[in-house]
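Residues per chain are reported as follows:
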Amino acid sequence: DVLYQIGLTYTSLAAYDKALEYLNQSLEMSDKVDSNAKEESMRSVRIRNQIGHTFMAMGYFEQSLTSFEESLQKSQTAGLRVANAYCYIGKVNFE
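Here the structure is a predicted model, which means the values were calculated and not measured.

What counts and how
- Residues numbered from 1 in each chain as written.
- Predicted model: local features only at pLDDT ≥ 70, side-chain atom pairs only at ≥ 80, totals over all residues.
- Heavy atoms only, no water.
- Helix = DSSP H or I, 4+ residues; strand = E, 2+ residues; numbered from the N terminus.
- Expected span 1.5 Å × (residues − 1).
- Buried < 20%, exposed > 50% of the residue type's maximum accessible area, 1.4 Å probe, protein only.
- Core = buried A, V, L, I, M, F, W, Y, C linked by side-chain atoms within 4.5 Å.
- Contact = heavy atoms within 4.5 Å.
- pLDDT = per-residue confidence, 0-100.
- Phe/Tyr/Trp six-rings, centres within 6.5 Å; stacked < 30°, edge-to-face > 60°.
- Lys NZ or Arg CZ within 6 Å of the ring centre and 35° of its normal.
- Salt bridge = Lys/Arg side-chain N within 4 Å of Asp/Glu carboxyl O.
- Arc of directions from axis to C-beta.
- Polar contact = N/O pair within 3.5 Å; in protein donor to acceptor, adjacent residues only side chain to side chain.

Looking at helix α2 (residues 16–32)
In a regular helix each residue adds 1.5 Å, so 17 residues correspond to 24 Å; α2 covers 24 Å between its end C-alpha atoms and thus fits that length. Listed as buried for α2 are Ala19, Leu20, Tyr22, Leu23, Ser26, Leu27 and Ser30.

Considering the nonpolar core
One finds Tyr4, Leu20, Leu23, Leu27, Ile47, Ile51 and Phe55 forming the largest nonpolar core, which totals 7 residues. Looking at this core, the elements with two or more residues in it are α2 and α3 (38–58). The contact partners of Leu23, leaving out residues within four places of it in the chain, are Tyr4, Gly7, Leu8, Thr11, Ile47, Gln50, Ile51 and Thr54.

With respect to the side chain of Gln50
Its place among the elements puts Gln50 in helix α3. With sequence-adjacent residues up to four places away left out, Gln50 is seen in contact with Tyr4, Leu8, Thr11 and Leu23.

Thoughts on the environment of Glu21
As for its placement among the helices and strands, Glu21 is situated in helix α2. The class for Glu21 is partly exposed, based on a relative accessible area of 36%. Distance from Glu21 to Tyr10, taken between C-alpha atoms, is 9.7 Å for residues 11 residues apart in sequence.

Structural notes on the confidence of the model for the protein chain
The share of residues in the protein chain with pLDDT of 70 or more is 75%, and the mean pLDDT across the chain is 84. Per-element averaging of pLDDT across the protein chain places helix α5 (residues 83–94) at the bottom with 61 and helix α1 (residues 2–12) at the top with 96.

A look at the packing of aromatic side chains
Any aromatic ring pair is given by two values, namely how distant the centres are and how the planes are angled relative to each other. Following the criterion strictly, the structure yields 2 aromatic pairs and no others. Judged by centre distance (5.7 Å) and plane angle (20°), the rings of Tyr10 and Tyr22 are stacked. One end of the pair, Tyr10, is in helix α1; the other, Tyr22, is in helix α2, and 12 residues separate them in sequence. Centroid distance Phe55 to Tyr60: 6.4 Å. Interplanar angle 50°. Geometry classified as tilted. The buried category is assigned to Phe55, whose relative accessible area is 18%. Of note, Arg46 hangs over the ring of Tyr4, and the distance from its end group to the ring centre comes to 4.4 Å.

With respect to the pattern of salt bridges
Under the definition given, this model contains 3 salt bridges. With its nearest N and O atoms 3.8 Å apart, the salt bridge here joins Glu21 to Lys18. Here Glu21 and its partner Lys18 are both found in helix α2, 3 residues apart, which amounts to about one turn of the helix.

Focus on α1
Among the residues of α1, Tyr4, Gly7 and Thr11 are the ones counted as buried. Seen end-on, α1 carries its buried residues on one side only, within an arc spanning 60°. Opposite the packed face of α1, turned more than 90 degrees from it, sit the exposed residues Val2 and Ser12. Taking the backbone nitrogen of Leu3 as reference, a side-chain oxygen 2.9 Å away marks Asp1 as the first, capping residue of α1. In the segment just after α1, Ala14 is the residue with positive phi, at about 65°.

Below is the structure:
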């Protein structure tokens, strides 16, 4: 979605506060849609992962970990693959 893409753009520009603003708006929109639909669950996981990466880039490892853990929980609930979530959680713990 457009809000997600704007968030990605701001992340690449290191405008992290602005990126989080758009990513959170995108997540709110995604969560309002039927969360049981696999496509929406995948979108929600992707957004949560990007929020986690953005927090990590800011050096906010606790918030990053929280976002990746939410992504993992959402992935498990929706029956999605969880390998990426575990990888991201491990990366935060390594930092």
